[in-house]
Amino acid sequence: MVENMKIAVSADGSTLDAKVANRFNTARYLLIIDLDTSEYEAVPNPFTTGQHGAGIQAIILAVSRGAKAVLTGYTSPAVVNQFKSSGIEVRTGMTGTIRDAVEQYKTTSSVKVSGTETESKASVVNKSLLVHATKSSLRQFVNLLPILIGVVLLIGLFNAFVSEEWLTSFFSGNMALDTLWGAFFGSIFAGNPINSYVIGGELLKYGVSLFAVTAFIVTWVTVGLVQLPAEIAAFGKRFAFLRNTLSFVFALPIAVLTVLIVNLLGRWIS
Amino acid sequence: MSNSNKQRSGNKPIFNRMFLFPIIILVIYAILFSVLPDKAGQAIRSSGNVFLSMLVPLGLVFVIMLLINLFLKPAAVAKFLGKGSGIRGIALSAVAGIISTGPIYVWYPLLKDLREKGAGESSIAIFLYNRAVKPFLLPVMIGYFGWLYITVLIILTILASVVVGFFISLYPSSQRN
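Residues numbered from 1 in each chain as written. Chains lettered and ligands numbered in written order. Predicted model: local features only at pLDDT ≥ 70, side-chain atom pairs only at ≥ 80, totals over all residues.

Tallying secondary structure elements over chain B gives eight helices and zero strands in all. Its helices and strands taken in sequence order, chain B reads α-α-α-α-α-α-α-α from the N to the C terminus. Every one of the 177 residues in chain B was classed for burial, and the buried ones make up 41%. Contacts spanning at least 24 positions in sequence make up 78% of the contacts within chain B whose residues lie at least 6 apart. (Helix = DSSP H or I, 4+ residues; strand = E, 2+ residues; numbered from the N terminus. Buried ≥ 20, exposed ≤ 12 C-beta atoms within 10 Å, placed from the backbone. Contact = placed C-beta atoms within 7 Å.)

This part is about the overall build of chain A. When its secondary structure is counted, chain A shows eleven helices and five strands. When burial is assessed residue by residue, chain A has 45% of its 270 residues classed as buried. Contacts in chain A between residues far apart in sequence, at least 24 positions, make up 65% of those at least 6 positions apart.

Bringing the sheet that holds strand S3 (residues 40-44) of chain A into the picture now. In a beta sheet, neighbouring strands pair by backbone hydrogen bonds and run either parallel or antiparallel. Residues and elements named next belong to chain A. One open sheet accounts for five strands, arranged S3-S2-S1-S4-S5; its pairing is mixed. Of all strands in the sheet, those bounded by a partner on one side alone are S3 and strand S5 (89-91). Strand-to-strand twist in this sheet, taken as the mean axis angle between neighbours without regard to direction, amounts to 20 degrees. The sheet contact formed by strand S4 (residues 69-71) and S5 spans three bridges and is parallel. Looking across to S5, one finds that leucine 71 is bridged to arginine 91. Sitting on the sheet, helix H1 (residues 54-64) is in contact with strand S1 (6-11), strand S2 (29-34), S3, S4 and S5, with an inclination near 30 degrees to S2. (Pairing = 2+ DSSP bridges. Axes fitted to C-alpha atoms, helices over the stretch in contact; angles between N-to-C directions.)

Here the focus is the interface of chain B and chain A. Between chain B and chain A, the residue contacts involve 74 residues of the former and 69 residues of the latter. If you list the elements that add at least two residues to the side of chain B that touches chain A, you get helix H1 (12-35), helix H2 (37-71), helix H3 (74-80), helix H5 (104-116), helix H6 (121-130), helix H7 (138-145) and helix H8 (147-170) of chain B. Residue contributions to the side of chain B that touches chain A peak at 13 residues, all from H2(B). For the side of chain B that touches chain A, the residue count by class is 47 nonpolar, 16 polar and eleven charged. (Nonpolar A, V, L, I, M, F, W, Y, C, P; charged D, E, K, R; others polar.)

With that settled, the discussion passes to the confidence of the model for chain B. Residues and elements named next belong to chain B. In this model, chain B carries an average pLDDT of 78, and 76% of its residues clear a pLDDT of 70 or more. Ranking the helices and strands of chain B by mean pLDDT puts H8 first, with 93, and H3 last, with 62. Scored below 50 in pLDDT, residues 1-13 shows 26 contacts in the model against residues more than four places distant or in partner chains. Taken over the whole predicted complex, pTM reads 0.65, whereas the ipTM for its chain interfaces reads 0.75. (pLDDT = per-residue confidence, 0-100.)

Let's shift gears to helix H3 (residues 98-109) of chain A. Residue and element names in this part refer to chain A. The end-to-end C-alpha separation of H3 is 16 Å, in line with the 16 Å expected for twelve residues at 1.5 Å each. Buried residues of H3: Ile98, Ala101 and Val102, and no others. Buried residues of H3 fall within an arc of 100 degrees about the axis and therefore sit on the same side. Exposed residues pointing more than 90 degrees away from the buried face of H3 are listed as Glu103, Thr107 and Thr108. On its buried face, H3 is in contact with S1, S2 and S4. (Expected span 1.5 Å × (residues − 1). Arc of directions from axis to C-beta.)

As a further point, take the nonpolar core. Residue and element names in this part refer to chain A. Ranked by size, the top nonpolar core spans 120 residues in total, and within it Val9, Leu30, Leu31, Ile59, Ala62 and Val70 carry the most contacts. Split by domain, the residues of this core number at least three in each of domain 1 (6-113) and domain 2 (162-269). Apart from the residues within four sequence positions on either side, leucine 31 is in contact with Ala8, Val9, Ala11, Tyr40, Ala42 and Ile98. (Core = buried A, V, L, I, M, F, W, Y, C linked by C-beta atoms within 7 Å. Domains from an automatic or database assignment.)

Attention shifts here to the confidence of the model for chain A. Here chain A averages 81 in pLDDT, and 90% of its residues register 70 or above. Predicted confidence is poor over residues 111-120 of chain A, with pLDDT under 50, and the contacts of this stretch with residues over four places away or in other chains come to one contact.

Right, let's get into the environment of A:Pro229. All names here are of chain A. Residue placement: proline 229 occurs in helix H10 (residues 228-235). Given 13 C-beta atoms within 10 Å, proline 229 falls into the partly exposed group. Along the chain, proline 229 and alanine 240 lie eleven residues apart, while their C-alpha atoms are 8.8 Å from each other.

Residues and elements named next belong to chain B. Orientation of H6 relative to H8, taken along the N-to-C sense of each, is 150 degrees, at an axis distance of 8 Å. The orientation of H6 with respect to H8, classified from their angle, is roughly antiparallel. Between H6 and H8 lies a crossing of right-handed hand. Residues Glu121, Ser122, Ala125, Ile126, Tyr129 and Asn130 of H6 form the contact with H8, whose own contacting residues are Ile158, Ala160, Ser161, Val162, Val164, Gly165, Phe166, Ile168 and Ser169. (Parallel < 35°, antiparallel > 145°, perpendicular 65-115°, else oblique. Left-handed = near helix turned anticlockwise from the far one by under 90°.)

Attention now moves to the environment of A:Lys68. Residue and element names in this part refer to chain A. Its place among the elements puts lysine 68 in the loop between H1 and S4. Accessibility expressed as a C-beta count within 10 Å gives 16 for lysine 68, which makes it partly exposed. Taking the C-alpha atoms as reference points, lysine 68 and isoleucine 88, separated by 20 residues in sequence, lie 5.5 Å from one another. Each residue touching lysine 68, except ones within four places of it in the same chain, is listed here: Met5, Lys6, Ile7 and Ile88.

With that out of the way, let us pick up the pairing of S3(A). As a general feature of sheets, a regular strand has side chains that alternate between the two faces. All names here are of chain A. Bridge count between S2 and S3: five bridges; the pairing is antiparallel. Within the sheet, the bridge partner assigned to isoleucine 33 lies in S3 and is tyrosine 40. From the end of S2 to the start of S3, which pair antiparallel, there are five residues, and serine 38 there has a positive phi angle of about 65 degrees.

Rendered as structure tokens:
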């Protein structure tokens with residue numbers, strides 16, 4: 001089955017007579033237009049936060065709706081190149097009405113962007129891709145740091161004040177109960193899982209069982225009480241409650257099985 | 001068509017929370033230094049040791065992050081989700097969850113949209129569960145728990161995600177239209 005060619009345009013309004021929005025993170029709508037049938041769909045743009053990466057998210061949304069090309073006023077060349085390498089054309093410099101932009105795209109896209117030109121720019125593309133990837137990695141990494149540093153400082157406090165006796169009074173050594181406690185604490189907390197590994201690793205040093213620590217690590221990501229309101233808003237109460245409950249319940253056998261299997265294999269290997 | 005504009009507010013809390021927590025801890029330290037300087041010093045030294053032991057794994061984390069950002073495009077993740085059914089659909093949702101990066105808030109609007117486009121609820125549940133598998137954090141995980149433990153945990157996590165997805169599909173949400 002041949003899919004129809006669809007393109008997406010950042011738009012100020014929900015019709016073809018609306019103006020092309022200059023940037024994705026200010027566009028009120030994304031118009032997804034079928035070039036063969038001229039049918040279109042106006043998708044409200046949820047990424048108008050002005051936050052970094054909002055443009056990329058909007059383009060991904062368009063792609064997930066079937067768009068093979070995306071038209072807009074301006075987005076950074078790094079973004080254009082990033083999508084180009086995955087086969088999505090992001091065309092900038094578009095102005096006027098959506099209808100004009102689509103016509104302009106139709107007339108120029110038959111004159112394919114010449115291959116030679118693309119090839120001669122290949123090294124430039126790779127270089128800017130690397131720069132872009134480094135930048136976004138740095139951003140991800142830096143975003144991860146504040147809470148991680150907070151956690152490490154908290155562990156310091158913990159080490160200075162909490163005694164092993166106190167902690168082991170919580171975690172009694174009872175496999176079932178410890179696992180339950182671990183899963184419970186993991187459900188309350190949320191955030192980057194790196195923090196759960198650091199905390200879990202420190203708890204192990206205090207003699208807390210691996211059952212509890214594993215349950216803690218698993219529910220840290222899979223169960224989210226903190227983000228429950230957001231999950232309900234996105235998928236409805238029923239889904240959110242059911243998913244979180246199931247995830248909590250399954251964390252328990254995962255923890256027990258993981259430790260048992262590791263112990264078995266560990267003995268077998270050594 | 002539903003109005004997803006409401007989702008916008010979902011992006012805010014991460015920013016606040018990101019700095020709120022370390023600031024609270026720093027305030028506690030400040031108070032502690034004036035009251036119990038000995039204990040505070042002990043806590044700082046202990047934190048320093050924990051941080052030092054993490055330097056190498058953290059460096060590796062950055063390298064893997066960079067590789068993922070270089071070779072995996074967000075567009076590819078979006079393409080994976082909600083496509084295919086049966087085993088293929090399950091595998092694609094799991095892979096998308098594993099390679100997805102960034103805070104979960106960023107993903108809700110996109111997942112919501114995909115669900116409205118027909119992606120199964122079980123795919124979304126599988127995606128969310130597999131976010132527990134973090135390739136770029138492997139160095140830290142292995143540093144703390146060893147590769148054997150991590151391998152077993154990852155396999156069990158992926159299996160559990162499929163089971164959770166199965167149960168979710170048994171009770172489809174009535175909200176869906």
